[in-house]
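Residue-level structure breakdown
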Amino acid sequence: MVADRYGDYIVIFNVDTDTVPVSTKDGTWVGLADNPDTIATLIDIHQRVHGGDDL
């Protein structure tokens, strides 16, 4: 298991599954990306819904 940051977002990679949990650095749940390629899309949607980079 590996944790990584995408700006204000934390993602957890696990070799046992393709899905990637994503949350903000303060612990707010963002969602579950279907695979590593969809992390950016999930973050983009979260920013659009919750007002951009004001986390």
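Notes on the structure follow. (Residues numbered from 1 in each chain as written. Predicted model: local features only at pLDDT ≥ 70, side-chain atom pairs only at ≥ 80, totals over all residues. Heavy atoms only, no water.)

**Notes on the sheet that holds strand β3 (residues 20–24)**
Filter applied, for reference: Between any two strands, pairing holds if DSSP finds at least two bridges. Only DSSP runs of H or I with at least four residues qualify as helices, and only runs of E with at least two residues qualify as strands; both kinds are numbered from the N terminus onward. Note on geometry: axes are lines fitted to C-alpha atoms, helical ones only across the stretch in contact, with angles between N-to-C directions running from 0 to 180 degrees.
With antiparallel pairing, four strands are arranged side by side in an open sheet as β1-β2-β3-β4. Only two strands of the sheet have a single partner each, and these edge strands are β1 (2–6) and β4 (29–33). Averaged over all pairs of adjacent strands, the angle between their axes in this sheet comes to 25 degrees, without regard to strand direction. With four bridges joining them, β3 and β4 adopt antiparallel strand pairing. Across the sheet, the residue bridging to serine 23 is tryptophan 29, located in β4.

**Some points on the nonpolar core**
Spelled out, the test is: In these notes, a set of buried Ala, Val, Leu, Ile, Met, Phe, Trp, Tyr and Cys residues joined through side-chain atoms within 4.5 Å is what counts as a nonpolar core. Exposure is judged per residue with a 1.4 Å probe applied to protein chains only, and the accessible area is read against the type maximum: over 50% gives exposed, under 20% gives buried, and values in between give partly exposed.
Within the largest apolar cluster, nine residues are counted, these being Tyr9, Val11, Val20, Val22, Val30, Ala33, Ile39, Leu42 and Ile43. Put simply, the parts of the chain that give this core at least two residues each are β2 (9–13), β3, β4 and α1 (39–49). Sort the elements by how many residues they give to this core and α1 lands first, with three residues.

**Comments concerning the environment of isoleucine 10**
So the rule is basically this: Here, residues are in contact when the closest pair of their heavy atoms is within 4.5 Å.
By the secondary structure assignment, isoleucine 10 is in strand β2. Look at isoleucine 10 and you get partly exposed, because its relative accessible area is 22%. Separated by 18 residues in the primary sequence, isoleucine 10 and threonine 28 place their C-alpha atoms 9.9 Å from one another. When residues no more than four places from it in sequence are discounted, the contact partners of isoleucine 10 are Asp4, Arg5, Pro21, Val22, Ser23, Thr24 and Lys25.

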